[in-house]
Amino acid sequence: MTVDADWNLLVDELDRVHARERQIDFWLRDDDAVEPTAPLDRLLSLAASHAVPLTLAVPPAPATEALARHLSGRGDIGVAAHGWAHWNHAPREEKKQELGAHRPPAVILDELRRGAERLRMLFPEHFVPMLVPPWNRIDAALSPRLPEIGFSVLSVFGPEKPSPFPLVNTHVDVMDWRGTRGCRDHTLIIADIIERIRQVCGDVEGREDQSGGTLGLLTHHLVHDAAVWDFLEKLFAATSGHPACRWRRTRDLTDR
């Protein structure tokens, strides 16, 4: 299959969604911003050129005032709390976690509360009460207590599962973390996007789910290779003007 054919499959799927008078909400979450960098500027510029809103998941502890100044006045940017410091507290034999069951819940919740307060102070025009756990992992016992410390929504990776707390997840990751640690094959990413569209909007057999109608794209600007930037450029071009696709601001998702 040619490169153009892959993208034509996506456009054809969006055309079918539009023909059924449906829409899907896309949103973009980019993790690990703490300071101004050339890759961050490239992402900001690319998203702005296609009017794609951007959610930055920022670890509060290392976040810099320089980043706050850099984002000041930029529209369509949301800043979510990416844990506290993005530190791993799990032992070597376990998957990395900052918000796991390895420390007292009171300690973790206090860090998250302080983190939300710090981001609200640094980014008053951009902060949204969304928690993005580092490595997309959080102890299930913590979720019901997040409203106590000012969060209204949780964002991890994967299909939304039954939860005592509102979820706005990411569903498609552009990075090949277990292989090259560069961009995944574009054909595979497009296939994942199409599958998510069918889950949300229904396929030719009419199946639909009720998971919130969103497709979350996950990126990590600091480690993007040329293939990631190429993919994002083509994705934004294919979707940003399509009537079946709405790229949404974080506030549109957290205020539901």
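Quick caveat: nothing in here was measured; it's all calculated off a predicted structure.

Student: I keep staring at the pattern of salt bridges and nothing clicks. Help me out?
Tutor: A side chain of one charge can pair with a side chain of the opposite charge when the charged atoms of the two come close. Counted according to the given criterion, the structure contains 15 salt bridges. The residue Arg 113 makes a salt bridge to Asp 110 at a minimum N-O spacing of 2.4 Å. Of this pair, Arg 113 and Asp 110 both sit in helix H4 (residues 105-122), three residues apart, which is roughly one turn of the helix. You can call Arg 113 partly exposed: its relative accessible area is 30%. One network of salt bridges, in which partners are shared, links Asp 25, Arg 246, Arg 248, Arg 249 and Asp 252.

Student: Whenever I open this one, the packing of aromatic side chains confuses me. Can you help?
Tutor: According to the stated counting rule, one finds three aromatic pairs in the structure shown. Ring geometry for Trp 7 and Phe 231: centres 5.3 Å apart, planes at 40 degrees, overall tilted. On the criterion of sequence distance, the pair formed by Trp 7 in helix H1 (residues 3-19) and Phe 231 in helix H6 (residues 226-239) is long-range, its members being 224 residues apart. Classification of Phe 231 by relative accessible area gives buried; the value is 0%.

Student: Whenever I open this one, the side chain of Glu 160 confuses me. Can you help?
Tutor: Along the chain, Glu 160 falls in the loop between strand S5 (153-154) and strand S6 (172-173). Within polar-contact distance, the side chain of Glu 160 engages the backbone nitrogen of Asn 169 at 3.0 Å. Among the polar contacts made by the side chain of Glu 160, one reaches the side chain of His 171 at a distance of 3.0 Å.

Student: Just checking my understanding: could you explain the packing of helix H2 (residues 38-49) against H6 for this structure?
Tutor: Two quantities define a packed helix pair, namely the angle between the helix axes and the distance between the axes. Interaxial distance between H2 and H6 falls to 10 Å at its minimum, and their mutual angle equals 15 degrees. Here H6 runs roughly parallel to H2, going by the angle between their axes. For the element pair H2 and H6, the recorded crossing hand is right-handed. For the pair H2 and H6, contact is made by Pro 39, Arg 42, Leu 43, Leu 46 and Ala 47 and by Trp 229, Leu 232, Glu 233 and Phe 236, respectively. Counted by class, the contact of H2 with H6 contains seven nonpolar, no polar and two charged residues.

Cut-off values and rules
- Numbering of residues starts from 1 in every chain and runs along the sequence as written.
- Given that the model is predicted, a residue must reach a pLDDT of at least 70 before its local features are reported, and side-chain atom pairs must reach 80 or more before they are shown or counted; all residues, however, enter totals for whole chains, interfaces and linings.
- Side-chain numbers come from the whole structure's heavy atoms, not from hydrogens or water.
- The term salt bridge refers to a side-chain nitrogen of Lys or Arg lying within 4 Å of a carboxyl oxygen of Asp or Glu.
- Going along the chain from the N terminus, every DSSP run of H or I of four or more residues is numbered as a helix, and every run of E of two or more is numbered as a strand.
- Working definition: with a 1.4 Å probe on protein chains only, accessible area under 20% of the residue-type maximum means buried, over 50% means exposed, and in between means partly exposed.
- The criterion for an aromatic pair is that two Phe, Tyr or Trp rings (for Trp, the six-membered ring) have centres within 6.5 Å, with stacked assigned to planes under 30 degrees apart, edge-to-face to planes over 60 apart and tilted to the rest.
- Think of a polar contact as two N or O atoms within 3.5 Å of one another; within protein, one of them needs to be a possible hydrogen donor and the other a possible acceptor, and neighboring residues in sequence only count if both atoms come from side chains.
- Here the axes come from fitting lines to C-alpha atoms, over the contacting stretch only for helices, and the angles between their N-to-C directions go from 0 to 180 degrees.
- Here the word oblique covers every angle except those under 35 degrees (roughly parallel), over 145 (roughly antiparallel) and from 65 to 115 (roughly perpendicular).
- If you view the pair so one helix is near and one far, a crossing is left-handed when the near helix is turned anticlockwise from the far one by less than a right angle, and right-handed when it is turned clockwise.
- Contact definition: two residues touch when any of their heavy atoms are within 4.5 Å.
- When residue character is reported, Ala, Val, Leu, Ile, Met, Phe, Trp, Tyr, Cys and Pro are called nonpolar, Asp, Glu, Lys and Arg charged, and the others, Gly included, polar.

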